[in-house]
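Below, each chain spelled out in residue letters.
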Amino acid sequence: MGIRITVRSRWGESQEADGPTGGRRAPAVYSFEHGRVRIGRGRTADILLPHPAVSALHASLEPSGAQYTITDEGSTNGVLVNGVRISPNRPKSLRDGDRVELGGFTLRVELTPTVSGATTAQETAELARQLVRAVLSQGTTPVEAPQLVFENGSREGERVTLPAPPCSWRIGRGMECELQLDDADASREHAELVRDLDGVVLRDLGAKNPAMVNGRVCDERRLMDRDELRIGSTRLTFEDPASTALLRVQAQADLAVELEPDPFDELEAEHLRASAVGATGDAQAGGGERALTDATGSVAVGEDPAWQAPGAGDAVVAIADPKPRPTRPPPRESAAVTDMIVYVLAGAVLALSALGLWWLSR
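Attention in this report is confined to the structure presented alongside it. (Residues numbered from 1 in each chain as written. Predicted model: local features only at pLDDT ≥ 70, side-chain atom pairs only at ≥ 80, totals over all residues. Heavy atoms only, no water.)

### Some details on the overall build of the chain
Stage number 1. Secondary structure summary: the chain contains four helices and 24 strands in total.
Stage number 2. Within the chain, contacts between residues at least 6 apart in sequence are counted, and of these 59% link residues at least 24 apart. (Helix = DSSP H or I, 4+ residues; strand = E, 2+ residues; numbered from the N terminus. Contact = heavy atoms within 4.5 Å.)

Here it is, written out as structure tokens:
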């Protein structure tokens, strides 16, 4: 029995409008087949949700016959299944289509007989960085864009920030390249950097001296934080601040929050819309790219002085400020007056009825 988990973040609302899909990202999707699935903020999590409202090991999924069960592993903020809180440390059966809510994230469960392409540990880390970019981009200390740092040559020490996705930069010594190198060993168009919603990909453009990543020849590779690139004789280091931000989030203590159940009708509409957008994006880009959602939701956070908008240099990462929980409007004064009149008339009718009965009984 396989399981597919679609993750929706309820922290903040994306304001991005770049890209062929208008900035709306398809949900982060995890697929597993057999075995225990750990959900949490810790480094060993199979579904890594980067927010202090999620405990290090928040919950776990385990196959049970033709179904799966979910267990709240003693988390700070608990687990809801279809809007109902489950008891800690007691397995709860899941059905296809169930919604699981924890720490400001909503997970849609799909049970399948088999799973093609189970999510790997590397993909889990990539998805976590995607989520942390989306969550932090709405906070008081947005995550910085990926950068390249020159390690040698005439530009040693210089930092170059990559533009917002989607973008494509050619690297070489040609005048037409977006990142021009003063390097005789580099080809005119040596390599290409492509930034999408998932991160940054390096592609070799058929250079005489192939591009190298961490000392190995590379035709195409999705870059990781601190990867070392060699283009001709030029050495560069790729830095992804989302990785550092993720480590900071993982190091924080649990944050207690008050959560309202997620409106499932909105989640279903988001899921269907994201599926349609994902199909369109795959057709345009040739398929195979993974993205994530920036859908909204209502999450009320308890007052915590340690969480009050830390500065950009603080060790605590400020994550997206949640939208305020909607409150019911106070009752109108006219309605109160109407109720009073109704009560008075009802009392008068009862009094007259009693008086009539007394008169007839004489």
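Next comes the rest of the write-up.
### Examining the pattern of salt bridges
Stage number 1. Enumeration according to the criterion identifies 15 salt bridges in this entry.
Stage number 2. For Arg38, the salt bridge identified is with Asp46, shortest N-O distance 3.2 Å.
Stage number 3. A residue is classified by how much of its surface remains accessible, and Arg38, at 29% relative accessible area, is partly exposed.
Stage number 4. In this structure, Glu158 engages Arg155 in a salt bridge whose closest nitrogen and oxygen atoms are separated by 2.8 Å.
Stage number 5. With a relative accessible area of 23%, Arg155 lands in the partly exposed category.
Stage number 6. Linked by salt bridges that have partners in common, Arg36, Glu62 and Glu73 make up one network. (Salt bridge = Lys/Arg side-chain N within 4 Å of Asp/Glu carboxyl O. Buried < 20%, exposed > 50% of the residue type's maximum accessible area, 1.4 Å probe, protein only.)

### Quick notes on the sheet that holds strand β15 (residues 179-180)
Stage number 1. Strand order in this open sheet of five strands is β15-β14-β16-β17-β20, and the pairing throughout is mixed. If you trace the sheet from one side to the other, it starts and ends with β15 and β20 (220-222), each paired once.
Stage number 2. Sheet topology places strand β17 (residues 199-204) next to β20; three bridges connect them, and they run antiparallel. Looking across to β20, one finds that Leu202 is bridged to Arg221. (Pairing = 2+ DSSP bridges.)

### A word on the sheet that holds strand β18 (residues 212-213)
Stage number 1. With antiparallel pairing, the six strands of this open sheet are ordered in space as β13-β12-β22-β21-β18-β19. Edge positions in the sheet fall to β13 (159-161) and β19 (216-217), since each of these pairs with one other strand and no more.
Stage number 2. Note that β18 and β19 share two bridges and pair antiparallel. The residue bridging Val213 from the neighbouring strand is Arg216, located in β19.

### Side note on the pairing of strand β11 (residues 105-112)
Stage number 1. Counting buried positions along β11 gives eight out of eight residues, so the element sits mostly inside the fold.
Stage number 2. By the alternation rule, side chains of β11 split into Phe105, Leu107, Val109 and Leu111 and Thr106, Arg108, Glu110 and Thr112, which are all buried.
Stage number 3. Pairing geometry for strand β1 (residues 2-9) and β11, over eight bridges, is antiparallel. Following the sheet pairing, Ile5 is matched in β11 by Val109.
Stage number 4. With four bridges joining them, strand β10 (residues 99-102) and β11 adopt antiparallel strand pairing. When the bridges of β11 are listed, Val100 appears paired with Leu107.
Stage number 5. Between β10 and the antiparallel strand that follows it, β11, lie two residues; Gly103 among them carries a positive phi value of about 55°.

### A word on unusual backbone geometry
Stage number 1. Note the cis peptide between Pro165 and Pro166, where omega equals -5°.
Stage number 2. If you check the backbone angles, Arg226 has positive phi at about 75° while not being a glycine.
Stage number 3. Relative to the helices and strands, Arg226 is located in the loop between β20 and β21 (228-231).
Stage number 4. With a relative accessible area of 49%, Arg226 lands in the partly exposed category.

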